[in-house]
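A structural walkthrough
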Amino acid sequence: MNKKTIASFIIALSISLTACGNMGKPIVSDEVVSKTETSAKELQDDTANKTQSINYLTLVNKLNSVPDGWENSLETVTITNSLGDDVEVEKKAYDAYVELKAELEKDGINVDLASARRSVEEQQGVMDKFIKTYGAEYATKTVAAPGYSEHHTGLALDLYLNIDGEDVYSKKDMVKYTEIWEKIHKKISEYGFILRYLEDKEYITGYGYEPWHLRYIDDVKIAQEITAKGLTLEEYLGVVNSSDVNVDLGTSEMYTEEELKEAAIQVKCKFATFKGCELQSVRYIGDGSNTQDNIRWLNSLNEGAEYIKVAEFITDFHTPKEGSESFIADQDVRAYPWWLAQNKDGGWHLVKWGYY
Ligand SMILES: [Zn+2]
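Values in this document were obtained by computation on a predicted structure and should not be read as measured data.

Some thoughts on the overall build of the protein chain
Secondary structure assignment for the protein chain yields 13 helices and 13 strands. Taken over 356 residues, the protein chain has a buried fraction of 34%. Relative to all contacts within the protein chain whose residues are 6 or more apart in sequence, the contacts with residues 24 or more apart total 71%.

Considering the sheet that holds strand β10 (residues 278-284)
Across the sheet, which stays open at both edges, the 5 strands sit in the order β9-β10-β11-β12-β13 with mixed pairing between neighbours. Since the sheet does not close on itself, it has two edges, and those belong to β9 (247-248) and β13 (349-353), each with one partner. Judged from the 6 bridges that link them, β10 and strand β11 (residues 307-318) form a sheet pairing that is antiparallel. Across the sheet, residue tyrosine 284 finds its bridge partner in β11, namely phenylalanine 313. The strands that helix α12 (residues 257-271) touches are β9, β10, β11, β12 (332-343) and β13; relative to β11, the one it contacts most, it runs at about 50°.

Let's talk about the packing of helix α4 (residues 91-106) against helix α8 (residues 178-188)
Close contact between α4 and α8 brings their axes to 11 Å; oriented N to C, the two are set at 130°. The orientation of α4 with respect to α8, classified from their angle, is oblique. In the packing of α4 onto α8, the handedness of the crossing is right-handed. Touching Leu100, Glu103 and Leu104 of α4 are Ile184, Lys187 and Ile188, all from α8.

A few points about the environment of threonine 178
Considering the arrangement of structural elements, one finds threonine 178 in helix α8. In this structure the C-alpha to C-alpha distance between threonine 178 and proline 211, which are 33 residues apart in sequence, comes to 8.5 Å.

Observations regarding α8
Of the positions making up α8, those classed as buried are Ile180, Trp181, Ile184 and Ile188. Here the buried residues of α8 occupy an arc of 95° about the axis, which is enough to place them on one side. Turned more than 90 degrees away from the buried face of α8, the exposed residues are Thr178, Glu179, Glu182 and Lys186. Buried positions along α8 lie against α4, β4 (110-115), β5 (156-163), β7 (193-195) and β8 (213-216).

Quick notes on the pairing of β13
Pairing geometry for β12 and β13, over 4 bridges, is antiparallel. Across the sheet, tryptophan 339 pairs through a bridge with lysine 352, a residue of β13. The turn joining β12 and β13, which pair antiparallel and follow one another in sequence, is formed by 5 residues; a positive phi near 80° is taken by glycine 346.

Some details on unusual backbone geometry
In this model, aspartate 200 sits at a positive phi of 65°, which is unusual for a non-glycine residue. Note on placement: aspartate 200 falls in the loop between β7 and α9 (202-205). On the neighbour-count criterion, aspartate 200 (10 C-beta atoms within 10 Å) is exposed.

Observations regarding the environment of arginine 296
Residue placement: arginine 296 occurs in helix α13 (residues 292-301). You can call arginine 296 exposed: it has 11 C-beta atoms within 10 Å. When the C-alpha atoms of arginine 296 and lysine 309 are compared, they prove to be 9.9 Å apart, with 13 residues separating the residues in sequence.

Remarks on the pairing of β10
Relative to β10, β9 runs parallel, the two sharing 2 bridges. The partner of aspartate 248 across the bridge, within β10, is arginine 283. In this fold, β9 hands off to α12, which returns the chain to β10; that crossover is left-handed.

Some remarks on the environment of isoleucine 308
Relative to the helices and strands, isoleucine 308 is located in strand β11. Discounting chain neighbours no more than four positions away, the residues touching isoleucine 308 are Ile295, Gln342, Asn343 and Lys344.

Quick notes on the nonpolar core
If you look at the biggest cluster of nonpolar residues, it comprises 39 residues, and the most contacted ones within it are Val89, Leu113, Leu157 and Phe193. Beyond its immediate stretch of four places on either side in the chain, leucine 157 contacts Val89, Ala93, Tyr97, Leu113, Ala116, Leu214 and Tyr216. Among the nonpolar cores identified, the runner-up in size contains 27 residues, and Val240, Val267, Tyr284 and Trp338 belong to it.

Regarding the confidence of the model for the protein chain
Mean pLDDT over the protein chain stands at 83; residues scoring 70 or higher make up 84%. Contacts for the low-pLDDT stretch residues 1-51, under 50 throughout, to residues beyond four places or in other chains number 76 contacts.

Scoring rules and cut-offs
Residues numbered from 1 in each chain as written. Predicted model: local features only at pLDDT ≥ 70, side-chain atom pairs only at ≥ 80, totals over all residues. Helix = DSSP H or I, 4+ residues; strand = E, 2+ residues; numbered from the N terminus. Buried ≥ 20, exposed ≤ 12 C-beta atoms within 10 Å, placed from the backbone. Contact = placed C-beta atoms within 7 Å. Pairing = 2+ DSSP bridges. Axes fitted to C-alpha atoms, helices over the stretch in contact; angles between N-to-C directions. Parallel < 35°, antiparallel > 145°, perpendicular 65-115°, else oblique. Left-handed = near helix turned anticlockwise from the far one by under 90°. Arc of directions from axis to C-beta. Right-handed = clockwise from strand over helix to strand, strands pointing away. Core = buried A, V, L, I, M, F, W, Y, C linked by C-beta atoms within 7 Å. pLDDT = per-residue confidence, 0-100.

Shown next, in the form of structure tokens:
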């Protein structure tokens with residue numbers, strides 16, 4: 001293995017428990033290659049389709065995939081780093097990033113771009129590599145499913161730091177520099193960025209805190225409002241409620257605490273989309289629900305599914321004061337069920353929720 005191969009291998013291994021996945025080796029040069037050069041014919045077609053500009057507030061998360069045809073309207077630039085790694089970024093997001101970077105440099109803070117856009121195919125490649133290296137259970141737990149990574153949009157940017165001339169890009173090392181991140185986070189909204197994965201908002205975003213993962217939304221006023229109020233994009237868009245509770249994991253001989261916590265996050269993320277509802281409790285009801293009948297039932301709900309284990313959680317919650325299309329006003333709902341399943345590769349699939 002030559003040096004670069006080893007470096008690449010280490011980078012692959014360092015793709016860690018993050019929404020971002022690929023916190024690659026740093027970029028040094030700022031050579032920009034435009035991928036948007038078009039022929040006159042294409043330009044004409046492009047103009048004809050000009051209504052198709054991207055919506056910078058598009059939500060992509062574990063429940064919302066990147067919209068169909070997104071890449072058709074996406075204009076990107078690609079930066080080549082000193083190792084020959086390319087980082088592709090949506091064009092306006094890149095312009096804003098360059099300004100932010102220059103502003104931070106005035107305060108002696110040096111950042112660079114580790115990773116930005118990944119296509120669905122590239123995400124599948126990351127997933128495949130992880131399955132091969134770590135096994136499917138770890139892979140499905142730690143890598144965003146292809147189609148459901150915000151990095152598909154080109155609007156998600158992962159930064160890394162340069163401290164006293166040394167590049168710092170592993171998650172483990174980067175999180176130590178809390179004061180530097182704080183200073184960075186104070187600046188980002190002026191350039192149309194928000195911090196996407198906030199502390200203590202995993203039950204909404206599905207991801208733990210990631211100080212390096214910025215999201216470009218192309219509107220300074222909205223970015224400032226979201227930042228000032230400490231909101232997630234989901235909360236700003238009004239697609240979630242913000243209620244949270246501690247989870248009662250009960251007892252299990254089938255699942256580890258980590259597995260049950262991961263399952264509970266899926267339940268909470270889905271519950272967060274129950275607009276106006278207030279979560280009161282989440283409980284794993286025990287291994288007794290893992291019956292052959294239940295396994296058969298969940299398999300029958302998804303064509304091609306090969307679930308081998310199931311887990312049932314129940315929640316108590318209160319419906320919205322005013323009621324809504326989905327809920328009768330001001331009711332206590334008790335023991336509302338949530339069914340998750342695993343296939344032989346592990347990883348949770350939230351298959352069914354609600355009464356039936
Ligand atoms: Zn990221």
